[in-house]
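Chain by chain, the residues run as shown.
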Amino acid sequence: MNCTNPHSCFSIIPVSNSSRKSNPCSSTSRSSAGNHVVSPLKIESFPRMRPMIPHRKGFRLCSSNGHSLQSVPGGDASVYAESDVKYIEQGDPDPLVYSESAASESMLSITVVGASGDLAKKKIFPALFALYYEDCLPKNFTVFGYARTKMTDEELRDMISATLTCRIDKSENCEDKMEQFLSRCYYHSGLYDSEDNFSELDTKLREKEAGKLAHRLFYLSIPPNIFVDVVKCASIRASSMKGWTRVIVEKPFGRDSESSRELTRSLKRYLSEDQIFRIDHYLGKELVENLSVLRFSNLVFEPLWSRNYIRNVQFIFSEDFGTEGRGGYFDHYGIIRDIMQNHLLQILALFAMETPVSLDAEDIRNEKVKVLRSMRPLQLEDVVVGQYKGHSKGSRSYPGYTDDPTVPNDSITPTFAAAALFINNARWDGVPFLMKAGKALHTKRAEIRVQFRHVPGNLYRKNFGTDLDKATNELVLQVQPDEAIYLKINNKVPGLGMRLDRSDLNLLFRARYPIEVPDAYERLLLDAVAGERRLFIRSDELDAAWALFTPLLKELDEKKIAPELYPYGSRGPVGAHYLAAKYNVRWGDLSADD
């Protein structure tokens, strides 16, 4: 190997992990699905000198795929000034020990754009505090809120303090931690399309950064019609000069293929793809993360993960409340765009993908894109849409969707949808993937249900009769509200006769793990800070997802398909049951023991 520049020629050598200090964010003390332990890395240059690169953010951190962030990511190498690189002799016993002085010279600045909105108050600020409480944020960090609302720093702190809570299993020093976190929170009022206002924000950020190597993260908690204005102003006026700048973008990412591509083109005028983090918070949920662990690290499941053993797969999302004042926003998108095209389709891609080369972001996202591109075009006859209507139960009356004052009286926007999808590849040919999502249903839940094929020549088939439930083994991943994994099996009831019963092998997370499960936004914010893109959506993923749903959405709009009405608090429209029966499937969430 020829190497003329000792700065640019490295080899990677794994070393012992025993000397590392334990940290709540490490894969051993706070696990998340998909984690695998990666040893710290030595960086060896040739012929004799090795650069010692300081921890790139000045804090110990593991991203959610378990990679040690003391490993040096090649993509961020440019953020280090020459003065940050030290040289040590080849014989040093532990060459990758980062200098405290270098660590203290970096700064993380997080700006929440749209800080006065509900998402920021209820999710983003609490998630940031939870990360701080668990010591997952760097020593040097600051949080800025940015919005049009006039507000002082103290008023911002008062607003967000009402939503902050400490871990239920670790409440010591809670008040002190809150005060320390709030003291790092600041506010700047400005217009979303004003470069001057973002220049003022930049001045305040630089004051807090005080000459340190600055890394900046912008979270866009704003309507999509002002994404581009904010990205333009932030990119031109408030980007980091030497460190990285990243932008988290909330859904919706357009309404169809054309608007999504236009949004992507507009964002990429000011940002590279690596700077854009399209967030889908369902990908950060504990049980969704656990999906790949369950499949790829358990020999009992991986051989069964195909058309040979799986009869159908169901992705179910239901809410027991209506639009609740969000009718104006929801009516513009509907349940298919709001839930199915993103949350459920992303979970389907993770479920059905082939084994990736590694747990690296690009390897996983490559496999997800293959699944999405292999899907059969959606047909109108494989879709049922519904809309909830007013309903009285006892002395209480529940309003219908069009009773919402923000919704047009003649709206035909679906609040419920069910669809049968198919993947045209060797693993899944002919297996129906059923999706169901709706508002104002009988329960609140999100789950993945895998129904296996019947046992060929089952010796006990006479004991089942026509009971399909007992004849079907079923694996259920309950995403919310109570995280659980359970497998439905058949067993003999104790006694002298031969009577079969259906039982659950149940892993209820709150019983097995008596700790608070981290919120999805905590994991995703942590990954964005770390530069880990595995749980964020790449632009070609987005294109493939919209390519699947856009023709269907256009057909629904052009033909003005009227949704089937269903009562508030019911199990949804009857048409959904006929759709499942068409493929000899019974919805798993409607069985007697569910």
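Everything discussed here concerns the structure shown above.
Procedures and definitions
Residues numbered from 1 in each chain as written. Predicted model: local features only at pLDDT ≥ 70, side-chain atom pairs only at ≥ 80, totals over all residues. Heavy atoms only, no water. Helix = DSSP H or I, 4+ residues; strand = E, 2+ residues; numbered from the N terminus. Buried < 20%, exposed > 50% of the residue type's maximum accessible area, 1.4 Å probe, protein only. Contact = heavy atoms within 4.5 Å. Areas by Shrake-Rupley, 256 points an atom, 1.4 Å probe, with all protein chains shown as cover. Pairing = 2+ DSSP bridges. Axes fitted to C-alpha atoms, helices over the stretch in contact; angles between N-to-C directions. Phe/Tyr/Trp six-rings, centres within 6.5 Å; stacked < 30°, edge-to-face > 60°. Lys NZ or Arg CZ within 6 Å of the ring centre and 35° of its normal. Salt bridge = Lys/Arg side-chain N within 4 Å of Asp/Glu carboxyl O. Expected span 1.5 Å × (residues − 1). Core = buried A, V, L, I, M, F, W, Y, C linked by side-chain atoms within 4.5 Å. Polar contact = N/O pair within 3.5 Å; in protein donor to acceptor, adjacent residues only side chain to side chain.

1. Thoughts on the overall build of the chain
Next, step 1: Within the chain one finds 16 helices and 22 strands.
Next, step 2: For the chain, the residues scored as buried account for 55% of the 594 residues in total.
Next, step 3: Sequence separation of at least 24 residues holds for 79% of the intrachain contacts in the chain that already meet a minimum separation of 6.
Next, step 4: Carbon and sulfur atoms provide 51% of the accessible area of the chain, an area that totals close to 26200 Å².

2. Notes on the sheet that holds strand β10 (residues 276-279)
Next, step 1: Spatial ordering of the open sheet is given by β7-β6-β5-β8-β9-β10-β21, a layout of 7 strands whose pairing is mixed. Only two strands of the sheet have a single neighbouring strand rather than two, namely β7 (185-189) and β21 (536-537).
Next, step 2: Examined bridge by bridge, β10 and β21 share 2 bridges and lie antiparallel to one another. From the neighbouring strand, Ile 279 faces β21, where its bridge partner is Phe 536.
Next, step 3: Of the strands in this sheet, β5 (106-113), β6 (141-147), β7 and β8 (213-220) touch helix α5 (residues 195-209), which is tilted by about 165 degrees from β6.

3. Regarding the packing of aromatic side chains
Next, step 1: For the structure on display, the rule yields 24 aromatic pairs.
Next, step 2: Between Phe 351 and Trp 428, the aromatic rings sit 5.8 Å apart at their centres with planes inclined by 40 degrees, giving tilted as the arrangement. Separated by 77 residues along the polypeptide, Phe 351 in helix α9 (residues 327-352) and Trp 428 in the loop between β15 (416-421) and β16 (433-438) bring together distant segments of the chain. Taken as a pair, Phe 351 and Trp 428 share a single burial class, namely buried.
Next, step 3: Ring pairs connect the aromatic residues Phe 330, Tyr 388, Tyr 398, Tyr 401, Phe 416, Tyr 566 and Tyr 568, which therefore count as one cluster.
Next, step 4: The ring of Tyr 333 has Arg 255 sitting right over it, with the charged end atom 5.9 Å from the ring centre.

4. Considerations on the pattern of salt bridges
Next, step 1: Applying the stated criterion to the full structure yields 31 salt bridges.
Next, step 2: As a salt-bridge pair, Glu 273 and Arg 278 come within 2.9 Å of each other at their nearest N and O atoms. Assigned by exposure class, Glu 273 and Arg 278 land together as buried.
Next, step 3: The closest approach of N and O atoms between Glu 555 and Lys 559, which form a salt bridge, is 2.8 Å. Taken together, the residues span about one helical turn, with Glu 555 and Lys 559 both in helix α15 (residues 539-559) at a distance of 4 residues.
Next, step 4: Salt bridges sharing common partners tie together Asp 202, Arg 206, Glu 209 and Arg 216.

5. So, helix α2 (residues 118-133)
Next, step 1: Between the first and last C-alpha of α2 there are 22 Å, a value that for 16 residues agrees with the 22 Å anticipated at 1.5 Å per step.
Next, step 2: Listing the buried residues of α2 in full gives Ala 120, Ile 124, Phe 125, Pro 126, Ala 127, Leu 128, Phe 129, Ala 130, Leu 131, Tyr 132 and Tyr 133.
Next, step 3: Phi for Asp 135, located one or two positions after α2, is positive at around 60 degrees.

6. Quick word on the side chain of Ser 411
Next, step 1: Within the secondary structure layout, Ser 411 lies in the loop between β14 (396-398) and β15.
Next, step 2: According to the relative accessible area criterion, Ser 411 is buried, its value standing at 10%.

7. A few points about the nonpolar core
Next, step 1: Judged by nonpolar contacts, the single largest core of 150 residues is most densely connected at Phe 181, Leu 220, Phe 315, Ile 336, Phe 351, Phe 433 and Phe 549.
Next, step 2: It is α9 that contributes the most residues to this core, 13 residues altogether.
Next, step 3: With sequence-adjacent residues up to four places away left out, Phe 181 is seen in contact with Phe 125, Leu 128, Phe 129, Tyr 132, Phe 141, Val 143, Ile 160 and Leu 164.

8. Let's talk about the environment of Glu 381
Next, step 1: Of note, Glu 381 is situated in the loop between α10 (361-373) and β12 (383-389).
Next, step 2: Separated by 198 residues in the primary sequence, Glu 381 and Leu 579 have C-alpha atoms spaced 8.7 Å apart.
Next, step 3: Not counting residues within four places of it along the chain, the set of residues in contact with Glu 381 comprises Leu 579 and Lys 582.

9. A few points about the environment of Val 574
Next, step 1: If you trace the backbone, Val 574 turns up in the loop between β22 (564-567) and α16 (575-582).
Next, step 2: In the structure, Val 574 is positioned 188 residues away from Gly 386 in sequence and 9.4 Å away in space, judged by C-alpha atoms.

10. Considering the environment of Gln 346
Next, step 1: Its place among the elements puts Gln 346 in helix α9.
Next, step 2: On the basis of relative accessibility, which here comes to 4%, the residue Gln 346 falls in the buried class.
Next, step 3: Gln 346 has contacts with Asp 280, Leu 283, Lys 368, Ile 537 and Glu 541, leaving out every residue within four places of it along the chain.
Next, step 4: One polar contact links Gln 346 to Lys 368, side chain to side chain, over a distance of 2.6 Å.

11. Re helix α8 (residues 286-296)
Next, step 1: For α8, the tally of buried residues reaches 9 of 11 residues, placing the bulk of the element in the interior.
Next, step 2: Buried within α8 are the following residues: Glu 286, Leu 287, Val 288, Glu 289, Asn 290, Leu 291, Ser 292, Leu 294 and Arg 295.

12. So, the pairing of strand β11 (residues 310-318)
Next, step 1: Most of β11 is tucked away: 9 of the 9 residues are buried.
Next, step 2: Relative to strand β17 (residues 445-452), β11 runs antiparallel, the two being bridged by 8 bridges. Paired with Gln 314 across the bridge in β17 is Arg 449.
Next, step 3: As paired elements, β11 and β16 share 6 bridges and run parallel to each other. Bridge pairing links Phe 315 to Met 435 in β16.

13. Points about unusual backbone geometry
Next, step 1: Along the chain, Lys 251 connects to Pro 252 via a cis peptide bond; the corresponding omega equals 5 degrees.
Next, step 2: With respect to the helices and strands, the residue Pro 252 is situated in the loop between β9 (245-250) and α7 (257-267).
Next, step 3: The omega torsion of the bond from Gln 480 to Pro 481 falls at 10 degrees, within 30 degrees of zero and hence cis.
Next, step 4: Phi is positive for Asp 135, which is not a glycine, with a value near 60 degrees.
Next, step 5: Note that Asp 135 resides in the loop between α2 and β6.
Next, step 6: Under the relative-accessibility criterion, Asp 135 is labelled partly exposed at 40%.
Next, step 7: Even without glycine at this site, Asn 584 takes up a positive phi of about 55 degrees.
Next, step 8: Turning to its location among the elements, Asn 584 is positioned in the segment after α16.

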